[in-house]
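# Working through the structure, step by step
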Amino acid sequence: MKRLAVLFAVLAVAVAAVILMLPRGPEGGDKGAERPIILGFSQLGSESGWRIGNTRSVITAAQRAGVQLMFKNAEQKQENQIDAIRSFIAYQVDVIAFAPIVEDGWDNVLREAKDAGIPVICSDRSVILEDDSLITGFVGSDFYLEGVRAGEYLLKKMADAPGPVRIAEISGTIDSTPMRYRALGFRDIIKDDPLFEIVYSQSGDFLRSRGKEVMEDILITAGPVDVLYSHNDSMTLGAIETIEQKGLNPGKDMVIISVDGEQGAIDLLKQGKINCVVECTPMLCDMIMDLAQRLARGETIDRITYSEETVFSDFDPDVLSIPPRWY
Ligand code: GZL
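This write-up is about the structure you can find in this document. This one's a predicted model, so the numbers in the text were calculated from it and none came from an experiment.

### Some thoughts on the pattern of salt bridges
- In total, this model carries 22 salt bridges according to the counting rule given.
- Of the charged contacts, one joins D124 and R125 as a salt bridge, the two residues approaching to 3.9 Å between their closest N and O atoms. With respect to burial, D124 and R125 carry one shared label: buried.
- The residue D314 makes a salt bridge to K157 at a minimum N-O spacing of 2.8 Å. Taken together, the residues span a long stretch of sequence, with D314 in the segment after β12 (311-313) and K157 in helix α5 (residues 143-157) at a distance of 157 residues.
- What makes D314 partly exposed here is its relative accessible area of 32%.
- The network of salt bridges with shared partners includes E47, R51, D124 and R125.

Structure, rendered in C-alpha coordinates:
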(Lines give C-alpha, C1' and ligand atoms only; values in the text may rest on other atoms or scores of the structure.)
Protein backbone atom coordinates (compact mmCIF):
# COMPACT_ATOMS: atom_id res chain seq x y z
CA MET A 1 0.00 0.00 0.00
CA LYS A 2 2.85 2.36 0.94
CA ARG A 3 4.50 1.62 -2.45
CA LEU A 4 1.30 2.66 -4.26
CA ALA A 5 1.17 5.98 -2.39
CA VAL A 6 4.79 6.72 -3.32
CA LEU A 7 4.06 5.84 -6.99
CA PHE A 8 1.06 8.23 -7.10
CA ALA A 9 3.16 10.99 -5.50
CA VAL A 10 5.91 10.56 -8.11
CA LEU A 11 3.34 10.58 -10.96
CA ALA A 12 1.71 13.74 -9.58
CA VAL A 13 5.06 15.56 -9.58
CA ALA A 14 5.81 14.38 -13.15
CA VAL A 15 2.43 15.57 -14.52
CA ALA A 16 2.83 18.95 -12.84
CA ALA A 17 6.27 19.32 -14.45
CA VAL A 18 4.84 18.66 -17.96
CA ILE A 19 1.98 21.18 -17.53
CA LEU A 20 4.43 23.87 -16.35
CA MET A 21 6.50 23.34 -19.53
CA LEU A 22 3.55 24.28 -21.73
CA PRO A 23 3.83 27.81 -23.12
CA ARG A 24 2.18 30.12 -20.63
CA GLY A 25 2.26 33.31 -22.62
CA PRO A 26 4.67 36.23 -23.03
CA GLU A 27 8.19 36.00 -21.55
CA GLY A 28 8.34 36.39 -17.79
CA GLY A 29 5.55 33.91 -17.14
CA ASP A 30 2.91 36.51 -16.35
CA LYS A 31 0.33 34.37 -14.57
CA GLY A 32 -2.52 36.63 -15.61
CA ALA A 33 -1.69 36.45 -19.34
CA GLU A 34 -3.40 33.94 -21.63
CA ARG A 35 -1.09 31.53 -23.43
CA PRO A 36 -0.60 32.35 -27.16
CA ILE A 37 -3.20 30.62 -29.31
CA ILE A 38 -2.06 28.03 -31.85
CA LEU A 39 -3.42 28.59 -35.39
CA GLY A 40 -3.11 25.92 -38.06
CA PHE A 41 -3.02 27.58 -41.52
CA SER A 42 -3.28 25.60 -44.77
CA GLN A 43 -2.11 27.72 -47.70
CA LEU A 44 -3.13 26.41 -51.14
CA GLY A 45 0.15 27.01 -52.97
CA SER A 46 2.57 29.58 -54.45
CA GLU A 47 0.94 30.02 -57.87
CA SER A 48 0.97 33.81 -58.13
CA GLY A 49 2.32 37.08 -56.85
CA TRP A 50 -0.94 37.45 -54.95
CA ARG A 51 -0.39 34.14 -53.15
CA ILE A 52 3.19 35.03 -52.21
CA GLY A 53 1.94 38.35 -50.81
CA ASN A 54 -0.78 36.52 -48.91
CA THR A 55 1.70 34.07 -47.38
CA ARG A 56 3.87 36.97 -46.24
CA SER A 57 0.74 38.50 -44.69
CA VAL A 58 -0.04 35.28 -42.78
CA ILE A 59 3.46 35.04 -41.29
CA THR A 60 3.92 38.71 -40.36
CA ALA A 61 0.39 39.04 -38.99
CA ALA A 62 0.90 36.01 -36.74
CA GLN A 63 4.13 37.54 -35.41
CA ARG A 64 2.41 40.87 -34.78
CA ALA A 65 -0.47 39.19 -32.97
CA GLY A 66 1.68 36.80 -30.88
CA VAL A 67 -0.10 33.83 -32.47
CA GLN A 68 1.77 30.52 -32.68
CA LEU A 69 1.48 29.54 -36.36
CA MET A 70 1.54 26.06 -37.85
CA PHE A 71 1.81 26.80 -41.60
CA LYS A 72 1.55 24.22 -44.39
CA ASN A 73 1.76 24.91 -48.14
CA ALA A 74 -0.32 22.47 -50.22
CA GLU A 75 1.43 23.23 -53.53
CA GLN A 76 -1.88 23.41 -55.45
CA LYS A 77 -3.21 20.02 -54.26
CA GLN A 78 -6.53 19.70 -52.41
CA GLU A 79 -5.45 16.39 -50.90
CA ASN A 80 -2.48 18.12 -49.30
CA GLN A 81 -4.80 20.68 -47.74
CA ILE A 82 -7.01 17.91 -46.35
CA ASP A 83 -3.93 16.19 -44.89
CA ALA A 84 -2.78 19.48 -43.37
CA ILE A 85 -6.14 20.07 -41.71
CA ARG A 86 -6.06 16.54 -40.28
CA SER A 87 -2.59 17.18 -38.87
CA PHE A 88 -3.84 20.38 -37.20
CA ILE A 89 -6.71 18.39 -35.65
CA ALA A 90 -4.27 15.75 -34.37
CA TYR A 91 -2.11 18.50 -32.86
CA GLN A 92 -5.27 19.96 -31.27
CA VAL A 93 -4.65 23.53 -32.47
CA ASP A 94 -7.01 26.18 -31.13
CA VAL A 95 -8.24 27.40 -34.55
CA ILE A 96 -7.79 26.34 -38.19
CA ALA A 97 -7.73 28.71 -41.16
CA PHE A 98 -7.36 27.63 -44.80
CA ALA A 99 -7.52 29.00 -48.35
CA PRO A 100 -9.55 26.30 -50.15
CA ILE A 101 -8.19 25.78 -53.66
CA VAL A 102 -11.66 24.77 -54.90
CA GLU A 103 -15.13 25.06 -53.35
CA ASP A 104 -16.13 21.38 -53.21
CA GLY A 105 -14.84 18.29 -51.38
CA TRP A 106 -14.38 19.61 -47.82
CA ASP A 107 -17.36 18.21 -45.89
CA ASN A 108 -15.65 15.17 -44.34
CA VAL A 109 -12.50 16.84 -43.04
CA LEU A 110 -14.42 19.87 -41.78
CA ARG A 111 -16.79 17.54 -39.95
CA GLU A 112 -13.73 15.99 -38.26
CA ALA A 113 -12.58 19.50 -37.20
CA LYS A 114 -16.02 20.30 -35.80
CA ASP A 115 -16.18 16.98 -33.95
CA ALA A 116 -12.79 17.86 -32.45
CA GLY A 117 -14.19 21.20 -31.28
CA ILE A 118 -11.85 23.26 -33.51
CA PRO A 119 -13.41 26.27 -35.28
CA VAL A 120 -12.43 26.81 -38.94
CA ILE A 121 -12.08 30.10 -40.83
CA CYS A 122 -12.02 30.27 -44.66
CA SER A 123 -9.25 32.63 -45.76
CA ASP A 124 -9.43 34.26 -49.20
CA ARG A 125 -11.66 31.65 -50.87
CA SER A 126 -14.85 29.89 -49.80
CA VAL A 127 -16.42 26.43 -49.85
CA ILE A 128 -19.75 24.80 -50.72
CA LEU A 129 -20.96 22.53 -47.90
CA GLU A 130 -23.97 20.34 -47.09
CA ASP A 131 -23.71 21.67 -43.51
CA ASP A 132 -22.77 25.38 -43.41
CA SER A 133 -22.08 25.16 -39.68
CA LEU A 134 -18.79 23.40 -40.48
CA ILE A 135 -17.26 26.80 -41.25
CA THR A 136 -17.30 29.58 -38.62
CA GLY A 137 -16.41 32.51 -40.86
CA PHE A 138 -14.95 33.81 -44.17
CA VAL A 139 -12.36 36.57 -44.54
CA GLY A 140 -11.58 37.78 -48.05
CA SER A 141 -12.73 39.65 -51.12
CA ASP A 142 -16.15 40.11 -52.65
CA PHE A 143 -15.23 38.45 -55.94
CA TYR A 144 -18.61 39.14 -57.50
CA LEU A 145 -18.02 42.87 -56.90
CA GLU A 146 -14.57 42.55 -58.48
CA GLY A 147 -16.21 41.12 -61.62
CA VAL A 148 -18.81 43.88 -61.57
CA ARG A 149 -16.05 46.49 -61.35
CA ALA A 150 -14.28 44.95 -64.34
CA GLY A 151 -17.53 45.07 -66.32
CA GLU A 152 -18.31 48.63 -65.27
CA TYR A 153 -14.86 49.76 -66.40
CA LEU A 154 -15.44 48.13 -69.80
CA LEU A 155 -18.82 49.81 -70.27
CA LYS A 156 -17.17 53.17 -69.58
CA LYS A 157 -14.15 52.41 -71.81
CA MET A 158 -16.32 51.28 -74.71
CA ALA A 159 -19.05 53.91 -74.37
CA ASP A 160 -18.26 55.23 -77.86
CA ALA A 161 -17.41 51.86 -79.48
CA PRO A 162 -18.43 52.02 -83.19
CA GLY A 163 -19.45 48.36 -83.35
CA PRO A 164 -19.33 44.91 -81.69
CA VAL A 165 -16.79 44.41 -78.89
CA ARG A 166 -15.19 40.94 -78.95
CA ILE A 167 -13.96 39.82 -75.54
CA ALA A 168 -11.54 37.00 -74.59
CA GLU A 169 -11.45 35.81 -70.99
CA ILE A 170 -8.60 33.99 -69.25
CA SER A 171 -10.25 32.71 -66.10
CA GLY A 172 -8.80 31.45 -62.83
CA THR A 173 -8.65 27.97 -61.30
CA ILE A 174 -11.78 26.07 -62.33
CA ASP A 175 -14.37 25.73 -59.52
CA SER A 176 -12.54 28.22 -57.28
CA THR A 177 -14.54 31.02 -55.66
CA PRO A 178 -12.69 33.89 -57.42
CA MET A 179 -13.03 32.23 -60.83
CA ARG A 180 -16.78 31.61 -60.47
CA TYR A 181 -17.69 35.04 -59.18
CA ARG A 182 -15.29 37.23 -61.19
CA ALA A 183 -16.85 35.57 -64.25
CA LEU A 184 -20.43 36.02 -63.02
CA GLY A 185 -20.11 39.64 -61.90
CA PHE A 186 -18.50 40.64 -65.23
CA ARG A 187 -21.19 38.87 -67.26
CA ASP A 188 -24.02 40.39 -65.26
CA ILE A 189 -22.78 43.87 -66.18
CA ILE A 190 -22.27 43.37 -69.93
CA LYS A 191 -25.10 40.93 -70.70
CA ASP A 192 -27.73 43.57 -71.49
CA ASP A 193 -25.65 45.24 -74.21
CA PRO A 194 -25.63 43.21 -77.47
CA LEU A 195 -22.45 44.95 -78.59
CA PHE A 196 -20.44 42.93 -76.06
CA GLU A 197 -19.66 39.30 -76.88
CA ILE A 198 -17.37 36.90 -75.01
CA VAL A 199 -15.96 35.01 -77.98
CA TYR A 200 -13.43 32.94 -75.98
CA SER A 201 -13.04 31.76 -72.38
CA GLN A 202 -10.51 29.32 -70.95
CA SER A 203 -8.89 28.77 -67.54
CA GLY A 204 -5.27 29.77 -67.03
CA ASP A 205 -5.28 28.37 -63.47
CA PHE A 206 -3.97 31.71 -62.13
CA LEU A 207 -0.52 30.79 -63.52
CA ARG A 208 1.70 33.14 -65.58
CA SER A 209 2.86 30.27 -67.81
CA ARG A 210 -0.72 29.25 -68.59
CA GLY A 211 -1.70 32.86 -69.27
CA LYS A 212 1.02 33.00 -71.92
CA GLU A 213 -0.16 29.73 -73.49
CA VAL A 214 -3.87 30.60 -73.44
CA MET A 215 -3.16 33.98 -75.06
CA GLU A 216 -1.41 32.16 -77.91
CA ASP A 217 -4.53 30.02 -78.36
CA ILE A 218 -6.77 33.11 -78.25
CA LEU A 219 -4.85 34.75 -81.10
CA ILE A 220 -4.98 31.55 -83.14
CA THR A 221 -8.60 30.51 -82.58
CA ALA A 222 -10.43 33.77 -81.89
CA GLY A 223 -8.23 36.08 -83.93
CA PRO A 224 -7.61 39.67 -82.80
CA VAL A 225 -10.00 40.44 -79.95
CA ASP A 226 -10.90 43.92 -78.70
CA VAL A 227 -10.67 43.11 -74.97
CA LEU A 228 -8.79 40.69 -72.72
CA TYR A 229 -10.37 40.10 -69.30
CA SER A 230 -7.88 38.16 -67.18
CA HIS A 231 -8.79 36.94 -63.68
CA ASN A 232 -5.36 37.67 -62.19
CA ASP A 233 -2.18 39.67 -62.84
CA SER A 234 0.11 36.65 -63.13
CA MET A 235 -1.88 35.34 -66.11
CA THR A 236 -2.08 38.88 -67.53
CA LEU A 237 1.71 39.29 -67.41
CA GLY A 238 2.06 36.01 -69.29
CA ALA A 239 -0.55 37.04 -71.83
CA ILE A 240 1.20 40.36 -72.46
CA GLU A 241 4.45 38.50 -73.21
CA THR A 242 2.58 36.71 -76.00
CA ILE A 243 0.81 39.83 -77.25
CA GLU A 244 4.10 41.67 -77.64
CA GLN A 245 5.85 38.67 -79.19
CA LYS A 246 3.15 38.74 -81.89
CA GLY A 247 3.92 42.40 -82.59
CA LEU A 248 0.73 43.76 -81.02
CA ASN A 249 0.49 46.68 -78.56
CA PRO A 250 -1.17 45.68 -75.26
CA GLY A 251 -3.46 48.40 -73.90
CA LYS A 252 -3.84 49.90 -77.38
CA ASP A 253 -4.57 47.15 -79.93
CA MET A 254 -6.44 45.37 -77.15
CA VAL A 255 -8.01 46.72 -73.95
CA ILE A 256 -6.62 44.73 -71.02
CA ILE A 257 -8.47 44.32 -67.73
CA SER A 258 -6.73 42.46 -64.92
CA VAL A 259 -7.40 41.63 -61.25
CA ASP A 260 -5.17 41.70 -58.12
CA GLY A 261 -2.94 44.79 -58.17
CA GLU A 262 0.58 43.37 -57.82
CA GLN A 263 3.47 45.71 -58.63
CA GLY A 264 4.17 44.26 -62.07
CA ALA A 265 0.62 44.97 -63.23
CA ILE A 266 0.55 48.46 -61.72
CA ASP A 267 3.83 49.25 -63.50
CA LEU A 268 2.27 48.17 -66.82
CA LEU A 269 -0.84 50.22 -66.03
CA LYS A 270 1.39 53.27 -65.61
CA GLN A 271 3.03 52.44 -68.98
CA GLY A 272 -0.37 52.14 -70.71
CA LYS A 273 0.04 48.41 -71.40
CA ILE A 274 -2.80 47.48 -69.04
CA ASN A 275 -5.94 49.64 -68.94
CA CYS A 276 -7.57 48.55 -65.70
CA VAL A 277 -6.46 46.67 -62.58
CA VAL A 278 -9.28 45.67 -60.23
CA GLU A 279 -7.74 45.45 -56.77
CA CYS A 280 -7.84 42.18 -54.82
CA THR A 281 -5.80 42.58 -51.65
CA PRO A 282 -3.90 39.63 -50.10
CA MET A 283 -3.40 41.58 -46.87
CA LEU A 284 -6.14 39.72 -44.99
CA CYS A 285 -4.27 38.21 -42.14
CA ASP A 286 -4.37 40.80 -39.37
CA MET A 287 -8.13 40.33 -39.60
CA ILE A 288 -7.73 36.55 -39.52
CA MET A 289 -5.50 36.66 -36.43
CA ASP A 290 -7.97 38.93 -34.61
CA LEU A 291 -10.90 36.64 -35.43
CA ALA A 292 -8.93 33.53 -34.47
CA GLN A 293 -8.09 35.01 -31.07
CA ARG A 294 -11.74 35.88 -30.51
CA LEU A 295 -12.78 32.33 -31.37
CA ALA A 296 -10.14 30.93 -29.03
CA ARG A 297 -11.64 33.06 -26.25
CA GLY A 298 -15.03 31.56 -27.00
CA GLU A 299 -16.42 34.67 -28.65
CA THR A 300 -18.56 34.65 -31.80
CA ILE A 301 -17.45 36.32 -35.07
CA ASP A 302 -19.16 37.65 -38.19
CA ARG A 303 -19.97 35.01 -40.79
CA ILE A 304 -18.40 37.13 -43.57
CA THR A 305 -15.66 39.77 -43.29
CA TYR A 306 -14.89 41.47 -46.62
CA SER A 307 -11.65 43.33 -47.34
CA GLU A 308 -11.68 46.94 -48.58
CA GLU A 309 -10.68 47.21 -52.26
CA THR A 310 -10.63 49.68 -55.15
CA VAL A 311 -10.01 49.91 -58.90
CA PHE A 312 -7.00 51.40 -60.70
CA SER A 313 -7.43 52.43 -64.35
CA ASP A 314 -6.35 54.74 -67.16
CA PHE A 315 -9.24 57.01 -66.20
CA ASP A 316 -7.42 57.88 -62.93
CA PRO A 317 -5.74 61.32 -63.19
CA ASP A 318 -3.17 60.25 -60.56
CA VAL A 319 -2.45 56.75 -61.86
CA LEU A 320 1.29 57.50 -61.80
CA SER A 321 1.22 58.11 -58.06
CA ILE A 322 -0.10 54.68 -57.03
CA PRO A 323 2.12 53.80 -54.01
CA PRO A 324 4.36 50.67 -53.91
CA ARG A 325 2.43 47.41 -53.72
CA TRP A 326 2.56 44.36 -51.45
CA TYR A 327 4.47 42.24 -54.03
C1 GZL B 1 -8.09 35.82 -54.76
C2 GZL B 1 -7.09 34.69 -54.82
C3 GZL B 1 -6.63 34.50 -56.22
C4 GZL B 1 -5.86 35.67 -56.79
C5 GZL B 1 -4.85 34.97 -57.63
O6 GZL B 1 -8.48 36.06 -53.44
O7 GZL B 1 -7.67 33.49 -54.35
O8 GZL B 1 -5.73 33.38 -56.23
O9 GZL B 1 -6.65 36.57 -57.52
C10 GZL B 1 -4.47 33.83 -56.71
O11 GZL B 1 -3.74 35.75 -58.01
O12 GZL B 1 -3.75 32.87 -57.38
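### So, the packing of aromatic side chains
- Applying the stated rule across the entire model yields five aromatic pairs.
- An angle of 10° between the planes, with centres 6.0 Å apart, marks the rings of F41 and F71 as stacked. You can see F41 sitting in strand β1 (residues 38-43) and its partner F71 sitting in strand β2 (residues 68-73), a full 30 residues away along the chain.
- Aromatic pair F186 and Y229: ring centres 4.2 Å apart, planes at 25°, arrangement stacked. Of the two residues, F186 sits in helix α6 (residues 177-190) while Y229 sits in strand β8 (residues 227-230), which places them 43 residues apart along the sequence.
- In this structure F186 comes out as buried when scored by relative accessible area, which is 0%.
- The positively charged end of K156 is found above the aromatic ring belonging to F315, 4.2 Å away from the centroid.

### Side note on a nonpolar patch on the surface
- Nonpolar side chains collect at one region of the surface, where Y144, Y181 and L184 lie side by side and expose about 250 Å² of accessible area between them.
- Note on placement: Y181 falls in helix α6.
- Overall, Y181 belongs to the partly exposed group, its relative accessible area being 35%.

### Observations regarding the layout of surface pockets
- By volume, the largest pocket amounts to about 380 Å³.
- Mapped by element, the contributors of at least two residues to the lining of the largest pocket are β5 (137-140), α5, α6 and β11 (304-306).
- Of the residues in the lining of the largest pocket, the class split is eleven nonpolar, four polar and four charged.
- Two domains share the lining of the largest pocket, each providing at least three of its residues, namely domain 1 (2-140 + 282-296) and domain 2 (143-280 + 312-321).
- Roughly 190 Å³ of internal volume is contained in the second largest pocket.
- Surrounding the second largest pocket, E34, R35, P36, I37, A65, G66, Q293, A296 and R297 form its lining.
- Partitioned by chemical class, the residues of the lining of the second largest pocket number four nonpolar, two polar and three charged.

### Section: the site of the ligand
- Every one of the 13 residues lining the ligand counts as a neighbour, but E47, D124, R125, N232 and D260 are closest to it.
- Here R125 contributes a side-chain N or O atom positioned 2.7 Å from an oxygen atom of the ligand.
- Here the ligand has 320 Å² of accessible area as a free molecule, and 100% of this is covered by the chains.
- Spatially, the ligand is embedded in the largest cavity.

How each quantity is defined
- Residues numbered from 1 in each chain as written.
- Predicted model: local features only at pLDDT ≥ 70, side-chain atom pairs only at ≥ 80, totals over all residues.
- Heavy atoms only, no water.
- Salt bridge = Lys/Arg side-chain N within 4 Å of Asp/Glu carboxyl O.
- Buried < 20%, exposed > 50% of the residue type's maximum accessible area, 1.4 Å probe, protein only.
- Helix = DSSP H or I, 4+ residues; strand = E, 2+ residues; numbered from the N terminus.
- Phe/Tyr/Trp six-rings, centres within 6.5 Å; stacked < 30°, edge-to-face > 60°.
- Lys NZ or Arg CZ within 6 Å of the ring centre and 35° of its normal.
- Patch = residues over 30% accessible without salt bridge, like charges linked within 9 Å, V, L, I, M, F, W, Y side chains within 5 Å.
- Areas by Shrake-Rupley, 256 points an atom, 1.4 Å probe, with all protein chains shown as cover.
- 1 Å grid on protein atoms, 1.4 Å probe; cavity = no way out; pocket = protein on both sides within 12 Å on 5 of 7 lines; lining within 4 Å.
- Points joined across faces, edges and corners; volume = space filled by probe spheres on them.
- Nonpolar A, V, L, I, M, F, W, Y, C, P; charged D, E, K, R; others polar.
- Domains from an automatic or database assignment.
- Near = heavy atom within 4 Å.
- Polar contact = N/O pair within 3.5 Å; in protein donor to acceptor, adjacent residues only side chain to side chain.
- Sits in = over half its atoms within 2 Å of the grid points.

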